[in-house]
Amino acid sequence: KIMVQHVGIKRINETGAILENCEVNFAIIINLLPQVKDNKLLFPWITSVDPYGDTIFNRTQTPIVVEELKKLKNIINREDIKKEIENVMVFLENSGVHEYIKFIGD
């Protein structure tokens, strides 16, 4: 099983300029997903994040990703990962108009 090393998360504007960086390495969440039965069915948006390339969500898609993260947080037992998921959710929820969330895979 391949373990993803690093997936950064940035808030960008329409020109692609970075507005803010998230401190969480999203690879922690990506590496957790294979352990969840039916993960692609339960988390279609999170599982679509490309661990080796870039994935961008707009402001109508971001709340769907937040809902999936909330669902994931409720079914896992690791408190350290729950805290990281919460941090990502807060970062995503703070997005504004004309802002995008960019996941940058390694």
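Up top is the structure.
Notes on the structure in this doc start here. (Residues numbered from 1 in each chain as written. Predicted model: local features only at pLDDT ≥ 70, side-chain atom pairs only at ≥ 80, totals over all residues. Heavy atoms only, no water.)

### What about the packing of helix α3 (residues 62-75) against helix α4 (residues 79-93)?
Next, step 1: For the pair α3 and α4, the least separation of the axes is 10 Å and the interaxial angle reads 165 degrees. When the interaxial angle is binned, α3 and α4 end up roughly antiparallel. Like other packed secondary-structure pairs, α3 and α4 cross with a definite hand, here left-handed. Facing T62, V65, V66, L69, K70, L72 and K73 of α3, the residues of α4 in contact are K82, I85, E86, V88, M89, L92 and E93. (Axes fitted to C-alpha atoms, helices over the stretch in contact; angles between N-to-C directions. Helix = DSSP H or I, 4+ residues; strand = E, 2+ residues; numbered from the N terminus. Parallel < 35°, antiparallel > 145°, perpendicular 65-115°, else oblique. Left-handed = near helix turned anticlockwise from the far one by under 90°. Contact = heavy atoms within 4.5 Å.)

### Things to note about the environment of T15
Next, step 1: The topology assignment puts T15 in the loop between β1 (7-13) and β2 (18-21).
Next, step 2: For the pair T15 and H98, spaced 83 residues apart in sequence, the C-alpha separation works out to 9.6 Å.
Next, step 3: In this structure the side chain of T15 is engaged in a polar contact, spanning 2.7 Å, whose partner is the side chain of N13. (Polar contact = N/O pair within 3.5 Å; in protein donor to acceptor, adjacent residues only side chain to side chain.)

### Considerations on the packing of aromatic side chains
Next, step 1: Scanning all chains against the criterion turns up three aromatic pairs.
Next, step 2: For the ring pair F57 and F103, a centre distance of 5.7 Å and an interplane angle of 80 degrees mean the geometry is edge-to-face. Of this pair, F57 sits in strand β3 (residues 54-57) while F103 sits in strand β4 (residues 99-105); the two residues are 46 residues apart in sequence, bridging distant segments of the chain.
Next, step 3: The structure contains a cluster of three or more aromatic residues connected by ring pairs, namely F26, W45, F57 and F103.
Next, step 4: The ring of F91 has R11 sitting right over it, with the charged end atom 4.3 Å from the ring centre. (Phe/Tyr/Trp six-rings, centres within 6.5 Å; stacked < 30°, edge-to-face > 60°. Lys NZ or Arg CZ within 6 Å of the ring centre and 35° of its normal.)

### Side note on the pattern of salt bridges
Side chains that differ in sign of charge can pair as their charged atoms come close.
Next, step 1: Inspection of every chain in the model, using the stated rule, returns eight salt bridges.
Next, step 2: In this structure, E67 engages K70 in a salt bridge whose closest nitrogen and oxygen atoms are separated by 3.3 Å. In this pair, E67 and K70 both sit in helix α3, three residues apart, roughly one turn of the helix.
Next, step 3: Using a relative accessible area of 45% as the deciding quantity, one classes E67 as partly exposed.
Next, step 4: K83 is the partner of E86 in a salt bridge, and the nearest nitrogen-oxygen pair spans 4.0 Å. Of this pair, E86 and K83 both sit in helix α4, three residues apart, which is roughly one turn of the helix.
Next, step 5: A residue is classified by how much of its surface remains accessible, and E86, at 30% relative accessible area, is partly exposed.
Next, step 6: You can call K83 partly exposed: its relative accessible area is 47%. (Salt bridge = Lys/Arg side-chain N within 4 Å of Asp/Glu carboxyl O. Buried < 20%, exposed > 50% of the residue type's maximum accessible area, 1.4 Å probe, protein only.)

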